[in-house]
Structures are given as structure tokens and as C-alpha cells.
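One-letter residues, chain by chain:
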Amino acid sequence: GYDLNYLGGASLEFAGKGAFYETHGYETVQGLDELLPTIPDPAYRAEWGLQDDTLFALARQKLEKLSAQDRPFVLTMLTLDTHHPHGHGETNRSCQDVKYQDGSNKLLNSVMCDDKLAAEFVQEALDGPLAENTVVVVMSDHLALGNDATDILNSGPRRNLAMIFDPATPEGQRVDRPGTTLDMGPTILSVMGYGIDRMGFGVNLLGTSQTLPEELGVAADDSKPLDQHLLGYQTTYARLWDYPDL
């Protein structure tokens, strides 16, 4: 019964995002080509797509409309301005005064810009009229690829980001166990109130079932045994590509 919506500044063709969302119940799927005609200055964009201040502005409009309807909804969005190798914060009009330390690292300037934009958007959602009944999730889709800050990143442990703002847990909670992005689906659903402990290769990180790294006895950043395990199911993955004719 949820109204599912996706907003992304890049083309829906990239990595098949559009086809994925459209075959997984999303009613509104909008990428670069769909959103460009709706903005005041279509020339204001970066190499990969819309600048993130534009995307957040569109997301605010969408959130307002969704909040006004008498139906539960999901708004999914994907930011772009921290894309390797340099990021696009330098050309973001909302971040001309945002610099990381001395401002010499373009990628880290972009990260700081997106941090500012995302924080403002999340805070508005948490202060909004539906905050008491809304879960907000902030997460990375993968570790950063080669970029201006790679040497700095490699000097310490690297982890994917996963934060869930849950009105039922206002005091906060840190889950310190090895997991992967595969675990985010069942974890988010559990926070939303659905009794789901496992979904595919992922488990609810707030539950007791072992994550894949725990099951294999490896660290979450040790990708080799994880990759080998997951590649063992290639036949199953091949069948899934036949959707919807399974």
C-alpha cells in the first residue's frame, strides 16, 4: 500500500536503475531526463547529472506533496556531487563558501557540501509534521572508488555509511557488528514495524541472526571470501534476470 517514489540526478539508464525500480513496485521513477524540464535553469548541472542542491529542492517539493496525501509513502533519492574522482561541489551554487580545511581537496570539499545539504534536508524531515511516524535512512551505495582523497581514506578502516533515524528510538543506538549493505533491506523493514528477520542474503542487524560476515567468520571489509560465497549462486542470479517470466 505504499506509494513508492525515486528521484535521482543521473540518467535512469545508468546501471539499469530505471528498469530496477519500475519492476519493483515504484510508481514514480524520475532521473535526469525526466527532471531537467522541471527546473528553472536546465543548464545548471554537473558532468553526471543534476547538482545536489537542485535535487534536494525537488525532493522538498515531492516530500510536501507526498505528506499531504492520505497514504504511506517512500521517497528514495540518490545524490551525485561526491562522485569520483573530484566531486562536483566546486560547481554547486549552494556551497561556494563550503571548504574542507584549506579547501585544496576538491573531493573532500564536495563531501562537506553534500554533508551540509543532506543534514539540512534530514533535519527538516525530522522537524516536519510527519516526523513522529517517519523513518529516515542515510546510507552509501558502495565505498568510494579512486578519487582525490583515496590516500587519506586508505590510511584508516573503510566502512559503508548506514544511519537510521527512528522516532521509536530517539535516544539512539549503535550497532557494532560486521554486516554488509545486503543487511539494510531487512533492517529498515524491521524498524518500520515489519517482522522480517531475513531477506535474501541479508539479515536484520537489530536481530539475532548471523550476518554473512559473521557466518563466514570474516571481517565485513574482507571482500574476497564474501565475493567467493556470493559468486557461488550465479545460477540463481541468472534466473532472476528472467523476471517477470520466472
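Colleague: Just to check I follow, could you spell out empty space enclosed by the protein for this structure?
Modeller: A water-sized probe, rolled over the atoms, reveals where empty space remains. What the rule picks out here adds up to 1 cavity of 30 Å³ or more. Its volume calculated, the largest cavity comes out at about 40 Å³. What lines the largest cavity is G89, E90, C95, Q96, V98, K99, N109 and C113. Across the lining of the largest cavity, the residue classes break down as 3 nonpolar, 3 polar and 2 charged.

Colleague: Is there a simple way to think about a nonpolar patch on the surface in this case?
Modeller: A cluster of nonpolar residues, M192, Y194, I196 and M199, forms a patch on the protein surface that exposes about 320 Å² of accessible area. Inspection of the secondary structure assignment puts M192 in the loop between α6 (184-191) and β6 (198-199). Look at M192 and you get partly exposed, because its relative accessible area is 31%.

Colleague: Would you mind showing me how to read helix α3 (residues 52-68) here?
Modeller: The terminal C-alpha atoms of α3 lie 24 Å apart, and with 17 residues this matches the ideal 24 Å at 1.5 Å per residue to within 8%. Looking at α3, one finds that the buried residues are D52, D53, T54, L55, F56, L58, A59, K62 and L66. Residues of α3 that are buried sit in contact with β1 (3-8), β2 (28-30), α2 (32-35), β3 (73-78) and α4 (106-127).

Colleague: I'm lost on the packing of α3 against α4 in this one. Help?
Modeller: The packing of two helices is summarised by the inter-axis angle and the distance between the axes. It is at 10 Å that the axes of α3 and α4 come closest, and there the two elements cross at 10°. What the angle tells us is that α3 and α4 run roughly parallel. Residues D52, D53, F56, A59, R60 and L63 of α3 lie in contact with α4, whose contacting residues are D114, L117, A118, E120, F121, E124 and A125. Taken together, the residues of the contact of α3 with α4 break down into 7 nonpolar, no polar and 6 charged.

Colleague: Looking at this structure, how should I read the environment of E64?
Modeller: With respect to the secondary-structure elements, E64 resides in helix α3. Residue E64 is classed as exposed on the basis of its relative accessible area of 62%. For E64 and A125, which are 61 residues apart along the polypeptide, the C-alpha to C-alpha distance reads 9.9 Å.

Colleague: Looking at this structure, how should I read the nonpolar core?
Modeller: Note that soluble globular proteins tend to have their nonpolar side chains buried in a common cluster. Judged by nonpolar contacts, the single largest core of 15 residues is most densely connected at L35 and L50. When contributions to this core are tallied by element, the ones reaching two or more residues are α2, α3 and α4. Of all the elements, α3 adds the most residues to this core, at 4 residues. Leave out the neighbours within four places in its chain, and L50 touches G9, L32, L35, L36, I39, R45, L58, L80 and D81. Residues L4, L12, Y26 and V29 belong to the second largest nonpolar core, which totals 6 residues.

Conventions and cut-offs
The residue count restarts for each chain, going from 1 along the sequence in the order it is written. In view of the model being predicted, local features appear only for residues whose pLDDT reaches at least 70, and side-chain atom pairs are presented and counted only at 80 or more, with totals across whole chains, interfaces and linings using the full set of residues. Side-chain numbers come from the whole structure's heavy atoms, not from hydrogens or water. Only protein atoms enter the 1 Å grid used here. Points where a 1.4 Å probe fits but cannot escape make up a cavity, open sets with protein on both sides within 12 Å along at least five of seven lines make up a pocket, and a residue lines them when an atom lies within 4 Å of a point. Grid points are joined across faces, edges and corners, and a volume is the space filled by probe spheres set on the points. Under the scheme applied here, ten amino acids are nonpolar (Ala, Val, Leu, Ile, Met, Phe, Trp, Tyr, Cys and Pro), four are charged (Asp, Glu, Lys and Arg), and all others, including Gly, are polar. Within the patch definition used here, like charges are joined within 9 Å and nonpolar side chains (Val, Leu, Ile, Met, Phe, Trp, Tyr) within 5 Å, considering only residues with over 30% relative accessible area and no salt bridge. Calculation of accessible area relied on Shrake-Rupley with a 1.4 Å probe; when residues are assessed, cover is drawn exclusively from the protein chains displayed. The salt bridge definition used is simple: a Lys or Arg side-chain nitrogen within 4 Å of an Asp or Glu carboxyl oxygen. Only DSSP runs of H or I with at least four residues qualify as helices, and only runs of E with at least two residues qualify as strands; both kinds are numbered from the N terminus onward. Only protein chains enter the accessibility calculation, which uses a 1.4 Å probe. A residue is then buried if its area is under 20% of the maximum for its type, exposed if over 50%, and partly exposed in between. Given the number of residues in a helix, its expected span is that number minus one, multiplied by 1.5 Å. Contacts: residue pairs with any heavy atoms within 4.5 Å of one another. Between N-to-C directions, angles cover 0 to 180 degrees, with each direction set by a line fitted to C-alpha atoms, over the stretch in contact for helices. An angle below 35 degrees is read as roughly parallel, one above 145 as roughly antiparallel, one from 65 to 115 as roughly perpendicular, and any other as oblique. What is meant by a nonpolar core is a set of buried Ala, Val, Leu, Ile, Met, Phe, Trp, Tyr and Cys residues, joined one to another through side-chain atoms within 4.5 Å.

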